[in-house]
Amino acid sequence: MRVLFVCLGNICRSPTAEGVFRSRLDKAGLAQQVEVDSCGTSDWHIGDPPDSRAIAAAKSRGVDLSQLRGRQLEEEDFRRFDYILAMDHMNLENIEALRPRDSQSQVGLFMAFAGRSGEAIPDPYTGDEKHFEKVFEMIEAASDGLIEELRRRLDTA
Ligand code: 4NP
């Protein structure tokens, strides 16, 4: 199973989702069965580490994002990933615009896995630490829901 988290820059929300989700997969004993990655719809931060505020918010909760590097969403991702999960509605539109007709990937908003369908994880880039904290908490909630879904699918596979 493969999961891709997508935001605009790939330096705030989606790397946080990648780090948090990987750490939860580890704890759930699913690390070997699920592959995780993140990317941005823009090309603005290719090769960049996550924003220092995202790194700090994650570090204070025991998640290390420092080794992650930005990359841009590409067509190949639609053949590779089972889930392509957007942080907000603009990301979702940009993903849909690039999606090949024959892609089998399940595309949607990440927060739907927290039972909060239609809700976006707000862009914290121009915000402060509090915005990054909020992002982190939303990502934790959605990650738990996604773990449940993957566990069900892997159990019945
Ligand atoms: P992200 O946040 O999409 O969560 O990584 C942003 C990062 C950078 C920019 C915008 C949003 N930017 O304008 O460079």
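You'll find the structure just up there.
Residues numbered from 1 in each chain as written. Predicted model: local features only at pLDDT ≥ 70, side-chain atom pairs only at ≥ 80, totals over all residues. Heavy atoms only, no water.

1. Examining the pattern of salt bridges
Once their charged atoms are close, side chains differing in charge can pair, the charge on each being opposite to the other.
Argument step 1. Evaluated as defined, the whole model comprises 14 salt bridges.
Argument step 2. Put simply, E18 and R22 hold a salt bridge, and the shortest N to O gap is 3.0 Å. You can see E18 and its partner R22 sitting in helix α1 (residues 13-27), four residues apart, about one turn around the helix.
Argument step 3. Judged by its relative accessible area of 5%, E18 falls in the buried class.
Argument step 4. The class of R22 is partly exposed, set by a relative accessible area of 36%.
Argument step 5. Among the ionic pairs, E96 bridges to R99, the shortest N-O distance being 3.5 Å. (Salt bridge = Lys/Arg side-chain N within 4 Å of Asp/Glu carboxyl O. Helix = DSSP H or I, 4+ residues; strand = E, 2+ residues; numbered from the N terminus. Buried < 20%, exposed > 50% of the residue type's maximum accessible area, 1.4 Å probe, protein only.)

2. Some remarks on unusual backbone geometry
Argument step 1. In this model, N10 sits at a positive phi of 60°, which is unusual for a non-glycine residue.
Argument step 2. You can see N10 is positioned in the loop between β1 (2-7) and α1.

3. A word on the site of the ligand
Argument step 1. Around the ligand sit C7, L8, G9, N10, I11, C12, R13, W44, H45, D123 and Y125, and that is every residue in its neighbourhood.
Argument step 2. Within the backbone of L8, an N or O atom sits 2.9 Å from an oxygen atom of the ligand.
Argument step 3. D123 has a polar side-chain atom sitting 3.3 Å from an oxygen atom of the ligand.
Argument step 4. If the ligand stood free it would expose 360 Å²; the protein chains cover 89% of that surface. (Near = heavy atom within 4 Å. Polar contact = N/O pair within 3.5 Å; in protein donor to acceptor, adjacent residues only side chain to side chain. Areas by Shrake-Rupley, 256 points an atom, 1.4 Å probe, with all protein chains shown as cover.)

4. Some thoughts on the pairing of β1
Argument step 1. Burial analysis of β1 places five of its six residues in the buried class, the great majority of the element.
Argument step 2. Across six bridges, the pairing between β1 and strand β2 (residues 35-40) is parallel. Bridge pairing in β2 places V3 opposite V36.
Argument step 3. Both β1 and strand β3 (residues 83-86) contribute to a ladder of four bridges, which runs parallel. Counted as the bridge partner of L4 is I84 from β3. (Pairing = 2+ DSSP bridges.)

5. Some points on the packing of aromatic side chains
Argument step 1. According to the stated counting rule, one finds three aromatic pairs in the structure shown.
Argument step 2. Ring geometry for F5 versus F21: centroids 5.6 Å apart, planes at 75°, classification edge-to-face. Here the residue F5 occupies a position in strand β1, and F21 occupies one in helix α1, the gap between them amounting to 16 residues. Pair check on accessibility: F5 and F21 agree, each one buried.
Argument step 3. Between Y83 and F113, the aromatic rings sit 6.1 Å apart at their centres with planes inclined by 75°, giving edge-to-face as the arrangement. Placement of the pair is Y83 in strand β3 and F113 in the loop between β4 (106-109) and α5 (129-156), with a sequence separation of 30 residues. Comparing Y83 with F113, the two get one shared label, buried. (Phe/Tyr/Trp six-rings, centres within 6.5 Å; stacked < 30°, edge-to-face > 60°.)

Honestly, it's all geometry; don't read function into it.
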